[in-house]
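# Coordinate analysis (summary)
What follows is each chain in one-letter form.
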Amino acid sequence: MNKLWIIVKREYLSKVKKKSFFVLTLLGPILMTLLIVLPVVLQESTKERYHVIVVDEIEKTVIEGDTISFFKGKFKSNENLLFEYSDDITEAQALLEGGLCDAVLEIANTNDKPPIKSFLFYGENEPGMDAKSDIKEQTKEIYKNSVLRVDYNMTKEDIKIINDPQIDFYTKDIRTGQDSKAEIKTVLGAVLGFVIYFFIFLFGGQVMRSVGEEKTSRIVEVLTSSVKSVYLLFGKIIAVALVGLTQIVLWIVLTLLLIGGVSLAEPDIFSAPEKQEIQVSQRVISVDSLDLTQEKDNFAQEIGETIRSINFPLIIAMFVVYFILGYFLYASLFGAVGALLDNDTDNSQFTLPVTVPMIFAMICVPMVMNTPTGSVAVWLSMIPLTSPVIMLVRIPFGVPVWQLVVSILSLLLFIAGAIWLAAKIYRTGILMYGKNLSWKEVIKWFKK
Amino acid sequence: MKNILQIDNVTKSYAKKKAIDGVSFCVPEGEVFGLLGPNGAGKTTLIRMINQITMPDEGMIYFGEDKLSEKHIPLVGYLPEERGLYKKMKVSEVVLYLAELKGLKGLEAKRRMDFWFEKFEIKDWWNKKVEELSKGMQQKVQFITTVIHKPKLLIFDEPFSGFDPLNANLLKQEILNLKREGATVIFSTHNMESVEEICDAIVLINSAKNILQGRVSDIKQNFKKGEYELITVSSQIEKVLPSGVEIISKKEDENGIGNCISVLKIPEGMNADVLSSILKQTDIISYREILPSMNEIFIQTVKSGKQQ
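Because the structure is predicted, anything quoted here is derived from the model rather than measured.

## Quick look at the overall build of chain B
A count of helices and strands for chain B gives 9 helices and 14 strands. The proportion of buried residues among the 308 residues of chain B is 49%. A separation threshold of at least 6 residues defines the contact pool for chain B, and within that pool the share at least 24 residues apart is 69%. In the structure as shown, chain B presents an accessible area of about 15200 Å², 49% of it carried by carbon and sulfur atoms.

## What to know about the interface of chain A and chain B
Taken together, the contact between chain A and chain B spans 22 residues of the former and 27 residues of the latter. Between the two partners, chain A and chain B, sit 4 salt bridges. For E82 of chain B, the salt bridge identified is with R218 of chain A, shortest N-O distance 3.8 Å. Joining chain A to chain B, the criterion identifies 7 residue pairs in polar contact (both at pLDDT 80 or more). Contributions of two or more residues to the side of chain A that touches chain B are made by α1 (2-16) and α7 (219-226) of chain A.

## Describing helix α13 (residues 387-394) of chain A
Counting buried positions along α13 of chain A yields 8 of 8 residues, so the element is predominantly enclosed. Next to the buried residues of α13 of chain A lie α6 (182-216), α10 (312-340), α11 (348-370), α12 (375-380) and α14 (401-429) of chain A.

## Some words on the packing of aromatic side chains
Under the defined criterion, the tally for this structure stands at 24 aromatic pairs over all chains. Ring geometry for F194 of chain A against F198 of chain A: centres 6.2 Å apart, planes inclined by 25°, an arrangement best described as stacked. Linking F194 of chain A with F198 of chain A, this pair stays in helix α6, spanning 4 residues, or about one helical turn. According to the relative accessible area criterion, F194 of chain A is partly exposed, its value standing at 42%. Exposure remark for F198 of chain A: the relative accessible area of 37% places this residue in the partly exposed category. Taken together, the ring pairs connect F194, Y197, F198, F199, F201, F203, W251, F319, F323 and F334 of chain A into an aromatic cluster. Taking the ring centre of Y97 of chain B as reference, the NZ or CZ of R10 of chain A above it sits at 5.2 Å.

## Quick look at the environment of C260 of chain B
Considering the arrangement of structural elements, one finds C260 of chain B in strand β13 (residues 260-265). Sequence separation between C260 of chain B and I231 of chain B is 29 residues; the distance between their C-alpha atoms is 5.5 Å.

## Observations concerning the sheet that holds strand β5 (residues 103-107) of chain A
Residue and element names in this part refer to chain A. With respect to topology, 4 strands assemble into an open sheet ordered β4-β1-β5-β6, the strand pairing being mixed. At either end of the open sheet lies a strand with only one pairing partner, and these are β4 (81-86) and β6 (118-122). This sheet shows a mean twist of 25° between the axes of neighbouring strands, independent of strand direction. Two elements, β5 and β6, share 5 bridges in a ladder whose sense is antiparallel. Pairing of L105 across the sheet is with L120, part of β6. Here helix α3 (residues 89-97) sits on the sheet and contacts β1 (50-56), β4, β5 and β6; the angle it forms with β5, its principal contact strand, is near 160°. Along the sheet, helix α4 (residues 129-150) contacts β1, β4, β5 and β6; its crossing angle with β4, the most-contacted strand, is approximately 50°.

## Observations concerning the nonpolar core
Within the largest apolar cluster, 153 residues are counted, with the highest numbers of intra-cluster contacts made by L5 and F156 of chain B. When residues of this core are assigned to their parent elements, the largest contribution, 15 residues, is made by α10 of chain A. In this view, L5 of chain B contacts F25, C26, V27, I50, I61, Y62, F63, L153 and I186 of chain B; residues no more than four positions away in its chain are not counted. F70, A103, I107 and V147 of chain A belong to the second largest nonpolar core, which has 17 residues in total.

## Quick word on the side chain of S229 of chain A
For S229 of chain A, the position within the fold is in helix α8 (residues 229-265). Note on S229 of chain A: relative accessible area 10%, which makes it buried.

Definitions and limits used
- Residues numbered from 1 in each chain as written.
- Chains lettered and ligands numbered in written order.
- Predicted model: local features only at pLDDT ≥ 70, side-chain atom pairs only at ≥ 80, totals over all residues.
- Heavy atoms only, no water.
- Helix = DSSP H or I, 4+ residues; strand = E, 2+ residues; numbered from the N terminus.
- Buried < 20%, exposed > 50% of the residue type's maximum accessible area, 1.4 Å probe, protein only.
- Contact = heavy atoms within 4.5 Å.
- Areas by Shrake-Rupley, 256 points an atom, 1.4 Å probe, with all protein chains shown as cover.
- Salt bridge = Lys/Arg side-chain N within 4 Å of Asp/Glu carboxyl O.
- Polar contact = N/O pair within 3.5 Å; in protein donor to acceptor, adjacent residues only side chain to side chain.
- Phe/Tyr/Trp six-rings, centres within 6.5 Å; stacked < 30°, edge-to-face > 60°.
- Lys NZ or Arg CZ within 6 Å of the ring centre and 35° of its normal.
- Pairing = 2+ DSSP bridges.
- Axes fitted to C-alpha atoms, helices over the stretch in contact; angles between N-to-C directions.
- Core = buried A, V, L, I, M, F, W, Y, C linked by side-chain atoms within 4.5 Å.

What follows is the structure in structure tokens.
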């Protein structure tokens with residue numbers, strides 16, 4: 001055992017002392033922050049608005065003394081689009097050809113009934129998908145509103161209600177009275193699943209490379225003459241786990257510091273919304289008090305609310321459990337694969353069987369997100385090779401205890417098998433060079 | 001003489017092929033023991049079993065009186081044919097790490113490392129990364145890692161490969177020093193010259209089997225063909241030779257003094273007759289028995305093994 005710790009110590013120190021570790025640990029949180037902040041900043045600072053000149057050729061209508069133009073002055077400019085108006089199509093098109101605007105929207109005057117014909121002419125700058133659909137939707141919306149106003153004589157207030165029928169829709173858990181936050185749970189589950197996937201690949205890959213390095217540098221021959229080969233494999237697996245843990249702890253600490261800085265600057269971000277009691281057929285239900293003048297809910301508030309409504313101790317505990325178990329499962333398999341690697345042979349044949357189940361699990365994540373209690377989700381969350389990812393996706397939605405127990409027990413059982421298998425492959429593979437190493441050859445070792 | 005290692009009817013197979021097949025021999029304590037054999041004969045497999053990297057399928061290996069076990073690991077030092085160290089690690093770190101794995105404690109390991117670094121004049125290199133060293137330097141470092149824990153049994157697999165003649169000689173002297181200090185050396189090589197120079201006893205493995213073993217001097221005696229080299233002043237010796245003696249070759253000394261060098265095949269017990277008859281004819285400058293070189297013995301034994 002003493003030797004195991006000597007190995008762990010060396011592996012740990014040699015990895016932590018690497019420049020890449022330092023850089024990744026330090027830059028990780030900063031890069032993450034930049035990745036979030038930069039696009040916003042860039043979008044705001046450099047984006048030029050797409051300049052459209054609207055030519056409305058539909059005949060004006062006069063209602064109660066007002067001249068109503070269908071489209072003129074109705075388009076809303078935003079951070080991406082800038083609308084201006086002209087009455088003369090040839091003049092507008094001349095401006096477009098002269099490069100003084102990006103596009104001309106002509107709404108043609110057709111004598112017959114709908115459809116209204118509208119043309120978006122563009123010059124050098126073809127409109128992007130977003131701009132095109134935005135212009136189209138606005139055109140439709142304006143036309144609809146104008147029809148309602150002119151043909152059906154509706155007031156502005158009527159039209160507003162039709163467009164936004166002001167219904168507050170609540171999804172409540174009957175046992176707890178809490179709001180369902182399926183969207184955020186879905187995102188949380190997917191993020192957790194992805195984190196597990198990412199780290200298992202990252203760290204499993206490190207174990208594999210590290211084993212392969214010792215094999216190709218041939219130092220393994222000296223090492224195995226000093227210690228049992230399983231110690232080498234597990235020393236590595238433990239050391240990489242500790243390195244990973246160190247890195248994650250540092251990331252969390254640094255990220256918390258960053259978030260701390262943000263909340264100091266913006267103290268209101270995580271404050272709770274006020275509750276309001278409503279009488280519904282003799283029952284009182286508490287809902288968020290909605291500010292009806294405000295069109296959008298405060299997204300940050302909703303996140304804060306959800307964060308408090310989710311069973312975090314369970315999720316964190318399960319995340320740790322599946323992270324560790326998943327890591328040990330895949331790290332031992334990756335370690336075994338590392339022992340098979342050789343410069344002379346085709347290495348992908350060895351890595352594929354280990355990576356495919358994980359990739360398969362990732363492919364299944366969207367399906368599991370949509371139906372977290374479907375049979376595919378339930379099975380995949382209990383089958384060891386996919387359970388570390390899939391179960392994490394399901395956990396925010398609540399998972400029956402028996403499924404958790406079965407999933408963890410089968411994972412443990414599978415790990416025992418994987419470790420046995422890995423130790424055996426490692427022991428033999430680490431000393432094999434060239435020799436057309438293949439799975440067929442590996443199977444032979446087990447037949448003996 | 002005590003044996004430090006006893007290989008007893010050991011067999012080891014990979015898949016269907018037998019790499020070692022019922023091999024037995026003993027390694028006497030305090031000697032340099034040659035483990036010889038052509039490529040692919042099973043030497044490395046045998047060495048790996050002695051190092052407990054792999055276990056025999058059948059048979060036993062004894063270290064001194066005991067069955068070979070984990071407690072013997074610190075008593076063995078191994079320099080594999082394929083050398084390798086951690087390229088990105090500092091020289092001193094690699095040496096200390098490997099010493100620790102052999103059970104040496106930190107301070108003691110450091111003291112001995114300093115001793116060897118000084119001896120090999122590579123003290124300035126301790127803080128460099130292994131990859132910055134020349135190949136010869138790396139070999140020296142690897143040699144140090146093999147001997148730093150003062151093992152009772154040293155196993156060198158082709159130790160001279162990769163060394164220039166100067167360093168090879170240094171290494172040879174070190175191996176003999178270690179022997180003088182009481183260590184036993186198992187020495188695996190193709191270089192038969194070095195076998196003659198430093199080995200006391202050998203075993204020859206071919207096609208997984210032990211085909212020849214014994215003390216180098218005994219083996220040479222066994223393989224001698226009764227041939228003698230005779231240098232005489234006159235070349236007129238044919239007439240006086242007793243019957244039964246065969247002249248294999250005869251030529252004039254190339255140094256130009258005119259002496260005649262003959263190789264004779266003389267039946268056992270006739271030495272005195274031959275000498276006295278020749279002395280009647282001419283003066284004898286030298287007369288010696290020709291013993292076969294290990295190289296010849298190696299080739300002859302392996303070839304005859306193949307014919308069978």
